[in-house]
Amino acid sequence: MDQKFHYATVSEAIAQLRKQGYALDFNLEKNRLKVGELEYTADEFEIVDVYRYEGASDPGDEATVYALASPSGIKGTLVSGYGISADDEAEETLKRLHYKYQRSKQ
């Protein structure tokens with residue numbers, strides 16, 4: 001899916017994505033997407049859309065919002081900050097998801 005909108009803020013992007021059915025708020029730990037007690041293998045998901053935000057003066061304001069979906073219909077968002085130290089496995093998982101996303105756009 002091509003990105004059709006650019007939302008002004010992270011919170012606006014999340015709110016609009018929720019209206020589109022991306023109801024779960026994922027956290028990435030190693031190769032797992034977690035929502036409360038629920039846990040999914042990240043490799044089951046694909047990035048549907050990406051929204052990147054850069055802080056005007058504070059690098060801590062930089063973030064990426066990912067709209068994620070699985071073939072079984074599970075949909076949610078993942079928000080990732082830049083420069084924040086994440087475990088190596090989670091970082092590699094995010095790279096693999098990005099690679100699948102970029103290949104699907106070719």
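Notes on the structure follow. Since this is a predicted model, take the numbers as computed values, not measurements.

### Section: the sheet that holds strand S5 (residues 63-69)
At step 1: On the basis of which strands lie adjacent, the open sheet formed by six strands has the order S3-S2-S1-S6-S5-S4 and mixed pairing. Each end of this open sheet is capped by a strand with a single partner; those strands are strand S3 (38-41) and strand S4 (46-53). Strand-to-strand twist across the sheet, computed as the mean angle between neighbouring axes with direction ignored, equals 30°.
At step 2: Pairing of strand S2 (residues 32-35) with S3 involves four bridges; the strand directions are antiparallel. Bridge pairing links Leu 33 to Tyr 40 in S3.
At step 3: Each of strand S1 (24-29), S4, S5 and strand S6 (75-81) is contacted by helix H1 (residues 10-19), which is oriented at about 10° to S5, the strand it contacts most.
At step 4: Against the sheet, helix H2 (residues 88-104) engages S1, S4, S5 and S6, with an angle of about 105° to S4.

### Structural notes on the pattern of salt bridges
At step 1: Summed over all chains, the structure comprises six salt bridges.
At step 2: Residues joined by salt bridges that share partners form a network here, namely Glu 29, Arg 32, Lys 34 and Glu 39.

### Comments concerning the side chain of Asp 49
At step 1: Considering the arrangement of structural elements, one finds Asp 49 in strand S4.
At step 2: In terms of polar contacts, Asp 49 uses its side chain to reach the side chain of Tyr 51, at 3.4 Å.

### Describing the packing of aromatic side chains
At step 1: For the structure on display, the rule yields four aromatic pairs.
At step 2: Seen in terms of ring centroids, Tyr 7 and Tyr 51 are 5.3 Å apart; in terms of plane orientation they differ by 50°. Their pairing is tilted. Note that Tyr 7 is positioned in the segment before H1 and Tyr 51 in strand S4, a separation of 44 residues in sequence.
At step 3: Overall, Tyr 51 belongs to the buried group, its relative accessible area being 2%.
At step 4: Geometrically, the ring pair formed by Phe 26 and Phe 45 is edge-to-face, given 5.3 Å between the ring centres and 70° between the ring planes. Of this pair, Phe 26 sits in strand S1 while Phe 45 sits in the loop between S3 and S4, placing them 19 residues apart in sequence.

Conventions we followed
- Residues numbered from 1 in each chain as written.
- Predicted model: local features only at pLDDT ≥ 70, side-chain atom pairs only at ≥ 80, totals over all residues.
- Heavy atoms only, no water.
- Pairing = 2+ DSSP bridges.
- Helix = DSSP H or I, 4+ residues; strand = E, 2+ residues; numbered from the N terminus.
- Axes fitted to C-alpha atoms, helices over the stretch in contact; angles between N-to-C directions.
- Contact = heavy atoms within 4.5 Å.
- Salt bridge = Lys/Arg side-chain N within 4 Å of Asp/Glu carboxyl O.
- Polar contact = N/O pair within 3.5 Å; in protein donor to acceptor, adjacent residues only side chain to side chain.
- Phe/Tyr/Trp six-rings, centres within 6.5 Å; stacked < 30°, edge-to-face > 60°.
- Buried < 20%, exposed > 50% of the residue type's maximum accessible area, 1.4 Å probe, protein only.

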